[in-house]
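A look at the structure
What follows is the residue order along each chain.
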Protein chains: 2
Amino acid sequence: MSRSPPPPAGAPRAHASSTAVARLAGVSQSTVSRVFSAGAAVSADVRERVLKAAAELHYKPNALPAILQTGRSGIVAVVVGGFYNPFFTEFLRCVTSLLRERRIETMLVDTSSDDNLDDIVGELSRYRIDGVISALAIRSTRVARKLEGAGIPIVAVNSKKFGNLRTVSTDNRSAGALAADLLIDGGCRTLAYLAGRESTAQTERQRGFLKRINDRQVAPPQHVVAGFSYEEGYAAALELLSSGSRPDGIFCVNDLVAIGALDAIRIEFGLSVPGDIQVVGFDDIPMAGWRGPDLTTFHQDMDALALGSVTLLAEAAPSRPIVIPPRLVLRGTTRPRDVAVTP
Amino acid sequence: MSRSPPPPAGAPRAHASSTAVARLAGVSQSTVSRVFSAGAAVSADVRERVLKAAAELHYKPNALPAILQTGRSGIVAVVVGGFYNPFFTEFLRCVTSLLRERRIETMLVDTSSDDNLDDIVGELSRYRIDGVISALAIRSTRVARKLEGAGIPIVAVNSKKFGNLRTVSTDNRSAGALAADLLIDGGCRTLAYLAGRESTAQTERQRGFLKRINDRQVAPPQHVVAGFSYEEGYAAALELLSSGSRPDGIFCVNDLVAIGALDAIRIEFGLSVPGDIQVVGFDDIPMAGWRGPDLTTFHQDMDALALGSVTLLAEAAPSRPIVIPPRLVLRGTTRPRDVAVTP
């Protein structure tokens, strides 16, 4: 396979120099550069003459010499762990828009696991990327070390803290505890947890949930490993309820799993939510707010996670992890309550 | 705002040269380049020595000199029109994965309208991007002309054909006609169409729907402009049914609008689907297959749209538009039927 598509027939591939543009526009070469750099002050008249000359000569500003000189490209790699989960795409939306405001371009990386992240970042470094923001948690110490060795600053979301890894997280443990309080205060005594596969966020949510249940001397919840998708949540709820057990409160690792569970509970078993079973999700993806699911969940503040990531990446030295409090969003899958619930 | 984040403290910003790596590994400099270029044949032993030396010296392969020489970067800009619609994110997933297989990197552009696409592409050209794939249709002739003038090959999905613009589309008009047949054959006589805002796809789906209804001598459908989001579909159905009219078949411009309409029909008006009203969507986003909505819709073949885009981009000269047939997916929002329906 060719590394990249061939040029279209007749497209100008030899690029006119800024000097040629300057000559044609009758200005200095530095003026041409000013016209093509953000926020530089140039009179409207001069700008127009330069742009006209540039268009005539098919001139395109060239970032590469500066990148070679400084080793900095104005490109950041943003990593997502799949597009199936609106959590990732919403984060991508927020980060890309923040980076654009700073005139930084986003190079997209989609990978289902962090295992090969060091190789991917290694490859991207040929473009002298300035940093990496990963919505995918880094779990492997080996990868964390290699990324650190690459000398490219890395920010990871909901990730365990390794060495110089910069992390921005939602307070997943407090949210888990809050979910336990919410269900227990709502009258639930037979709890269940639909878990995700191994990840820091999943572990923290589970820990907080289990500890608070134990502190409140309620029987430990049933535990089914679902995953992170709608289908896996549907299957897990099917397994749970087919086993004859009948929990009255279920906390799910994320909204997709919760919405899958809701459909199984209502459609497969004809049970009422929240009448027979109360359900709580995590993320507050757009579908959680749809009238169908109408899911009680925890809102992950994407703007804060994204801003935290961009801010940490810009800092000269790795600084303390940023932790963002989750916000409980009460909807129709838990019993209505007037009391404000706080961690 | 700084153009890019500052380097992290102590990170090696001065990059070791491939010559230094060659010296340390005891091989020629061309061997070093071969080790770091895809598919080049190098003995395992030599590769290992080179990689070891590279790691020791923090050497990073550098794409920039080659880009300066050839004017080609191995970077393609992929444009989406927002992340709210899984149509865009699913397309992004397919295209990014196809590009990676070809060792081409994706530079992400998110813009709600094509009006400023020429400016964005102009900016990205400073990185000598090799092409643009836009999931967002190009509507403005001005923009299409300017993009053409930029000498960068552009492929747009579901877009009107302008000049040299390369287009890959689903056969939206046939799908609209198919939707009319499906509803009429299912016994509907009072039809409605929930439209999107102005776009080629929207216009084509509507044209096909209206023409077939007229051909079959059924009364013209009611027409409400919704938009493209769940909330807009919900509001449009609310408006439609509150007006006292009671259509028995509704075709929606996309799945998000259809799912919003379904929730309004079932929850706000307590009507049964497909009993009282049959509903057909478009796109076959994952949520359309959820047990809740269980939406009959048209599947847009993302793999084919993505492959078509990457293929057209790689062609030397603009070629004929690629048109991909939609596939009808029968689910629970239309009456069951055994007859196979074909365009």
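Since the structure is predicted, the reported quantities are computational estimates derived from the model, not experimental observations.

Turning to the interface of chain B and chain A, a few remarks are in order. The interface is formed by 71 residues belonging to chain B together with 71 residues belonging to chain A. Overall, the association of chain B and chain A removes approximately 7,000 Å² of surface from exposure, summing both partners, and the carbon and sulfur fraction of that is 59%. Three residues, Arg128(B), Trp290(B) and Arg291(B), lead the burial of chain B against chain A; their summed loss comes to 10% of the area buried on that side. Connecting chain B to chain A are 8 salt bridges. Here Glu123(A) and Arg100(B) are joined by a salt bridge, their closest N and O atoms 3.6 Å apart. If you look at where chain B meets chain A, you find 16 residue pairs in polar contact (both at pLDDT 80 or more). Broken down by class, the residue content of the side of chain B that touches chain A amounts to 38 nonpolar, 15 polar and 18 charged. Pairing geometry for strand β2 (residues 105–110) of chain A and strand β2 (residues 105–110) of chain B, over 3 bridges, is antiparallel. The residue of β2(B) that forms the bridge with Leu108(A) is Thr106(B).

So, on to the side chain of Thr106(A). Along the chain, Thr106(A) falls in strand β2. According to the relative accessible area criterion, Thr106(A) is buried, its value standing at 1%. Apart from the residues lying within four places of it in its own chain, the contact partners of Thr106(A) are Val76(A), Val78(A), Thr96(A), Leu99(A), Thr106(B), Met107(B) and Leu108(B).

Attention shifts here to the domain arrangement of chain A. All names here are of chain A. What the domain assignment lists for chain A is domain 1 (18–61), domain 2 (72–169 + 302–324) and domain 3 (172–301). Computed over C-alpha atoms, the centres of domain 2 and domain 3 are 29 Å apart. Between domain 2 and domain 3, the residue contacts involve 13 residues of the former and 16 residues of the latter. Both faces combined, the contact of domain 2 with domain 3 buries some 1,100 Å², and carbon together with sulfur accounts for 55% of it. Sorting the residues of domain 2 by area buried against domain 3 places Tyr84, Pro86 and Asn158 first, and these three jointly supply 40% of that buried surface. If you look at where domain 2 meets domain 3, you find 0 salt bridges. Applying the counting criterion to the domain 2 and domain 3 interface returns 7 residue pairs in polar contact (both at pLDDT 80 or more). Elements that contribute at least two residues to the side of domain 2 that touches domain 3 include exactly α5 (86–101) and α12 (302–314). When residues in the side of domain 2 that touches domain 3 are grouped by element, the largest group, 4 residues, is from α12. Across the side of domain 2 that touches domain 3, the residue classes break down as 7 nonpolar, 3 polar and 3 charged.

Glancing now at the relation of the copies chain B and chain A. Of the transformation placing chain B onto chain A, the axial shift is 0.0 Å and the rotation is 180°, giving an RMSD of 0.1 Å. Considering both components of the superposition, the chain copies are consistent with a two-fold axis. Minimal C-alpha distance to the rotation axis in chain B is attained by Met107(B), lying at 2.3 Å. Interface overlap between copies: 100% of the residues of chain B at the interface are likewise at the interface in chain A, consistent with a symmetric, same-surface contact.

Moving on: the environment of Ile133(B). Residues and elements named next belong to chain B. When you line up the elements, Ile133 lands in strand β3 (residues 131–134). Ile133 gets classed as buried once you look at its relative accessible area, which sits at 0%. Separated by 112 residues in the primary sequence, Ile133 and Val21 have C-alpha atoms spaced 37 Å apart. Apart from residues lying up to four places away in sequence, Ile133 is in contact with Val76, Ala77, Val78, Val79, Phe91, Val95, Val155, Ser309, Val310 and Leu313.

For the rest of this paragraph, the subject is the sheet that holds strand β7 (residues 222–225) of chain B. Residue and element names in this part refer to chain B. Here we have 4 strands laid out as an open sheet, ordered β7-β6-β8-β9, and parallel in their pairing. On the outer flanks of this sheet lie β7 and β9 (278–280), each paired with one strand and no other. On average, adjacent strands in this sheet sit at an angle of 20° to one another, irrespective of strand direction. One ladder, built from 4 bridges, connects strand β6 (residues 191–195) with strand β8 (residues 249–252); its direction is parallel. Pairing of Leu191 across the sheet is with Gly249, part of β8. On the sheet, helix α10 (residues 230–242) packs against β6, β7 and β8 and is oriented at approximately 145° with respect to β6.

All names here are of chain A. Here the amide bond leading from Val273 into Pro274 is cis, since omega sits at 5°, within 30 degrees of zero. Mapped onto the fold, Pro274 is located in the loop between α11 (255–268) and β9 (278–280). Unusually for a residue other than glycine, Arg103 sits at a positive phi of about 55°. With respect to the helices, strands and loops of the structure, Arg103 is situated in the loop between α5 and β2.

Inspection of the entire model under this criterion finds 1 cavity of 30 Å³ or more. There is about 40 Å³ of room inside the largest cavity. The wall of the largest cavity is formed by Leu64(A), Ile67(A), Ile75(A), Tyr127(A), Leu64(B), Ile67(B), Ser73(B), Ile75(B) and Tyr127(B). Sorting the residues of the lining of the largest cavity by element identifies α4 (64–70) of chain A together with α4 (64–70) of chain B as the ones contributing at least two each.

Those residues of helix α6 (residues 117–124) of chain B not exposed but buried are Leu117(B), Asp118(B), Ile120(B), Val121(B) and Leu124(B). One side of α6(B) carries all its buried residues, which in axial view fall inside an arc of 160°. Where α6(B) is buried, its residues contact α5 and β2 of chain A together with β1 (75–80), β2, β3 and α7 (141–149) of chain B.

The next subject is the pairing of β6(B). All names here are of chain B. With 5 of its 5 residues buried, β6 lies for the most part within the structure. On β6, burial covers both faces: Leu191, Tyr193 and Ala195 on one face and Ala192 and Leu194 on the other are all buried. Alignment of β6 against β7, held across 4 bridges, turns out to be parallel. Considered in β7, the bridge of Ala195 is made with Val225. Taking the sense of rotation as the criterion, the β-α-β connection linking β6, helix α9 (residues 200–215) and β7 turns out right-handed.

The rules behind these values
- Residues numbered from 1 in each chain as written.
- Chains lettered and ligands numbered in written order.
- Predicted model: local features only at pLDDT ≥ 70, side-chain atom pairs only at ≥ 80, totals over all residues.
- Heavy atoms only, no water.
- Contact = heavy atoms within 4.5 Å.
- Buried area = accessible area lost by both parts, 1.4 Å probe.
- Salt bridge = Lys/Arg side-chain N within 4 Å of Asp/Glu carboxyl O.
- Polar contact = N/O pair within 3.5 Å; in protein donor to acceptor, adjacent residues only side chain to side chain.
- Nonpolar A, V, L, I, M, F, W, Y, C, P; charged D, E, K, R; others polar.
- Pairing = 2+ DSSP bridges.
- Helix = DSSP H or I, 4+ residues; strand = E, 2+ residues; numbered from the N terminus.
- Buried < 20%, exposed > 50% of the residue type's maximum accessible area, 1.4 Å probe, protein only.
- Domains from an automatic or database assignment.
- Least-squares fit on C-alpha atoms with pLDDT ≥ 70 in both.
- Axes fitted to C-alpha atoms, helices over the stretch in contact; angles between N-to-C directions.
- 1 Å grid on protein atoms, 1.4 Å probe; cavity = no way out; pocket = protein on both sides within 12 Å on 5 of 7 lines; lining within 4 Å.
- Points joined across faces, edges and corners; volume = space filled by probe spheres on them.
- Arc of directions from axis to C-beta.
- Right-handed = clockwise from strand over helix to strand, strands pointing away.

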